[in-house]
Amino acid sequence: MSELTLTVMRLGFLAVLWLFVIVAVQVIRSDLFGTRVTQRGAARRGAQEPRAQRQPAAPPQQQQRRQEGGRGNNRQRRGAPTKLVVSEGSLTGTTVALQGQTISLGRAHDSTIVLDDDYASSRHARIYPDRDGQWIVEDLGSTNGTYLDRTRLTTPTPIPLGAPIRIGKTVIELRK
Amino acid sequence: MSSTTNTTTIGTIGAPSRRNTELALLVFAVIIPVFAYINVGLAKEETVPAGVLGYTLGLGLLAGVAHLVVRKWAPYADPLMLPIATLLNGLGLVFIWRLDQEPQISTPQLGGAMAPGQLMWSTLGVALFLGVLIFLKDHRVLQRYTYISMVVALVLLISPIFFPARFGARIWITIPGVGSLQPGEFAKIIIAIFFAGYLMVKRDALALASRRFMGLYLPRGRDLGPILVIWALSLMILVFETDLGTSLLFFGLFVIMLYVATERTSWIVFGLLLSAGGAVAVATFESHVQVRVHNWLNPLELLNGGVTETAQAMYSFGSGGILGSGLGQGYSRLIGGIAPKSDYILATVGEEIGLAGLMAILMLYGLLIERGIRTALAARDPFGKLLAVGLSGAFALQVFVVAGGVTGLIPLTGMTMPFLAQGGSSVIANWALVAILLRISDTARRPAPTPAPSTDAEMTQVVRP
């Protein structure tokens, strides 16, 4: 075999070997950007689109109404709260966006809002939306009780906008 | 969804499964060794070797079946590990076959041609790879066997003491009529399972109970227990099996996993001090270790005249230069014995494809290890994290110990270059290791199940138009 052929093959082999390495590194590049940071507003708009697509046959006025609702307060119902605000206690200032999920309160580490409060039970109360989108607070058998305004809760109770819910030293409210 | 007042949301991009990327890279990974095979044939015999079609089909079949199984049973697994492992294994086969062409080192006394045997072991390795992927549905199952794996690993590590030493080290189990195997290769996987399960439970005690002294967290005396026990065991391996490699792998793996589990730099300091102290102490009275250290420090003088294998390997690298002598055109047969096929295969690589090629091979090992560590970062469960770190750490230590030994950075030890070197136990165990890593990465990269659509929104829309 001629010297030239072997030299070309030798260099060619090194080239393909390195080409493989480079291609492999290119594949890795996609992993470097493994998380996506989006602005809330953008995320919300993005989240609405699939919902609109899911019911393409909806009457026009319904679509319009839904868009209005989305622009106004992110919910279908006008006047519904959009966030939960801690107004007193060690977590003062914390807000949680209300997006249809159940919010658990208590000292347990897996609670949505972990209360660092001697008067709170580990699973103290939960706040959840009912089928109409009305937010309900329910005491989960806590020792010291959950108070809506001045009354101690015994049954799941709808939360009026801005009414203080008191758990130990913590006070939370629902706001628009 | 984030809950506090910040205005951004951090979410993971839904990772595509990347199976087609893997397939494309696999085709590449089969073509490169075939190219090398033809190149060796042209250089040695001036013809395309007769076995090229069979070799291509065999390697392609192994890669294809492995790919289909990954596609079916681990669809979100990392796309790079399988192609890199295939490429390294394929190149290893070519290099062993190329050394088989040298009559001086392929005499029947030395075991004859070894490429066919290695091909068989590789097939078995891929079979074990498939078995692990199919039957190990969830790596967390391994956590149940934490203490059983400890016992099994200890048995595997200790058993070679009862068998005669070969090439100066007791790391083989010989079964008459069947052959011999190196249990240390399998022990490294099983011991990683034990360390991961143990450290997951104990890491809080090891990390938190400590005093701060001169910038280092000093652990309490009794928390030093585990590291001292492992240190003593690895020293006993060094003394009784006279194998520096296994000892270093075993202790190094524990220190790496301890560091990852506790985030305390002090464990690394302790580990380095202990291993340096232990190695020096053993080297003062163990003759086999002394010989290895002597050959490392004085490669040009052998006790009975002539030069050592270490020096021969250096000459190989030197004669290869930057671009190498070309496949099939080196003189690594001069190293003698079967060493060029096993421990010193990197010398052949360095001579025939040069520094450029050797660096590419080391990059491939680096990429495989990087994928393992990346899997650990992405894994959501602490056991999977520690296991992925442990397995890639064991792999990395093995590559370091062998490459360091061959290039003269550390004294040579009797370990094999994963996938590349001749050795059945090594290739089988490393395929199993890659399979477990793929299983963890499949779990880690699998997109989270989509939450059930909010019934609240749907109902209000339907009921109140």
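All of these numbers come straight from a predicted model, not from anything done at the bench.

Asks: Looking at this structure, how should I read the pattern of salt bridges?
Replies: When the charged atoms of two side chains with opposite charge come close together, those side chains can pair. All names here are of chain B. For the structure shown, the criterion picks out twelve salt bridges over all chains. Of the charged contacts, one joins Arg140 and Asp138 as a salt bridge, the two residues approaching to 3.2 Å between their closest N and O atoms. Via salt bridges that share partners, Lys44, Arg98, Glu102 and Glu352 belong to a single interconnected network.

Asks: Honestly, the confidence of the model for chain A in this entry has me stumped. Any pointers?
Replies: The predicted coordinates should not be examined in detail at positions where pLDDT is low. Of the residues in chain A, 72% have a pLDDT of 70 or more, and the chain-wide mean is 75. Mean pLDDT values over the elements of chain A span from 42, in helix α3 (residues 60–73) of chain A, up to 90, in strand β11 (residues 165–167) of chain A.

Asks: Could you clarify how one ought to interpret unusual backbone geometry in this entry?
Replies: Its identity is not glycine, yet Asp149 of chain A carries a phi of approximately 55 degrees, on the positive side. Here Asp149 of chain A is to be found in the loop between β8 (147–148) and β9 (151–152). Classification of Asp149 of chain A by relative accessible area gives partly exposed; the value is 46%. If you check the backbone angles, Glu46 of chain B has positive phi at about 65 degrees while not being a glycine. Looking at the secondary structure, you find Glu46 of chain B in the loop between α1 (19–45) and α2 (52–73). For Glu46 of chain B, a relative accessible area of 47% puts it in the partly exposed group.

Asks: Explanation requested: the packing of aromatic side chains in the structure shown.
Replies: The geometry of an aromatic ring pair is captured by the separation of the ring centres together with the interplanar angle, meaning the angle of the planes. Tallied over the entire structure, the rule returns 14 aromatic pairs over all chains. On the numbers, 6.2 Å between centres and 50 degrees between planes, the contact of Phe395 of chain B with Phe419 of chain B is tilted. Note that Phe395 of chain B is positioned in helix α14 (residues 382–406) and Phe419 of chain B in the loop between α14 and α15 (424–445), a separation of 24 residues in sequence. Taking NZ or CZ as reference, Arg126 of chain A lies 4.4 Å from the ring centre of Tyr128 of chain A, over its face. Above the ring of Trp73 of chain B, the side-chain terminus of Lys72 of chain B is found at 4.9 Å from the ring centroid.

Asks: Where do I start with the sheet that holds strand β10 (residues 157–158) of chain A in this structure?
Replies: Note: strands within a sheet are paired through backbone hydrogen bonds, in either parallel or antiparallel orientation. Residues and elements named next belong to chain A. Strand order in this open sheet of five strands is β5-β4-β6-β7-β10, and the pairing throughout is mixed. The open sheet has two free edges, formed respectively by β5 (113–114) and β10, since each of these has just one partner strand. As paired elements, strand β7 (residues 135–139) and β10 share two bridges and run antiparallel to each other. Paired with Val137 across the strands is Thr157, a residue of β10.

Asks: Is there a simple way to explain a nonpolar patch on the surface in this structure?
Replies: Together, Leu11 of chain A together with Ile322, Leu323, Leu355 and Met359 of chain B give the surface a local cluster of nonpolar side chains, amounting to about 420 Å² of exposed area. Assignment of secondary structure puts Ile322 of chain B in the loop between α11 (309–320) and α12 (345–352). The exposure class assigned to Ile322 of chain B is exposed, which follows from its relative accessible area of 55%.

Asks: I tried to follow the packing of α1 of chain B against helix α3 (residues 81–100) of chain B on my own but got confused; where do I start?
Replies: Two packed helices can be described by the angle between their axes and the distance between those axes. Residues and elements named next belong to chain B. Interhelical geometry of α1 versus α3 gives an angle of 10 degrees and a closest axis separation of 8 Å. One element, α1, and the other, α3, form an angle in the roughly parallel class. Of the residues in α3, those touching α1 at Glu22, Leu25, Leu26, Ala29, Ile32, Pro33, Ala36, Tyr37, Val40, Gly41 and Lys44 are Leu82, Pro83, Thr86, Leu87, Gly90, Leu91, Val94, Trp97 and Arg98. Looking at the contact of α1 with α3 residue by residue, the class counts come to 14 nonpolar, three polar and three charged.

Analysis parameters
- Residues numbered from 1 in each chain as written.
- Chains lettered and ligands numbered in written order.
- Predicted model: local features only at pLDDT ≥ 70, side-chain atom pairs only at ≥ 80, totals over all residues.
- Heavy atoms only, no water.
- Salt bridge = Lys/Arg side-chain N within 4 Å of Asp/Glu carboxyl O.
- pLDDT = per-residue confidence, 0-100.
- Helix = DSSP H or I, 4+ residues; strand = E, 2+ residues; numbered from the N terminus.
- Buried < 20%, exposed > 50% of the residue type's maximum accessible area, 1.4 Å probe, protein only.
- Phe/Tyr/Trp six-rings, centres within 6.5 Å; stacked < 30°, edge-to-face > 60°.
- Lys NZ or Arg CZ within 6 Å of the ring centre and 35° of its normal.
- Pairing = 2+ DSSP bridges.
- Patch = residues over 30% accessible without salt bridge, like charges linked within 9 Å, V, L, I, M, F, W, Y side chains within 5 Å.
- Areas by Shrake-Rupley, 256 points an atom, 1.4 Å probe, with all protein chains shown as cover.
- Axes fitted to C-alpha atoms, helices over the stretch in contact; angles between N-to-C directions.
- Parallel < 35°, antiparallel > 145°, perpendicular 65-115°, else oblique.
- Contact = heavy atoms within 4.5 Å.
- Nonpolar A, V, L, I, M, F, W, Y, C, P; charged D, E, K, R; others polar.

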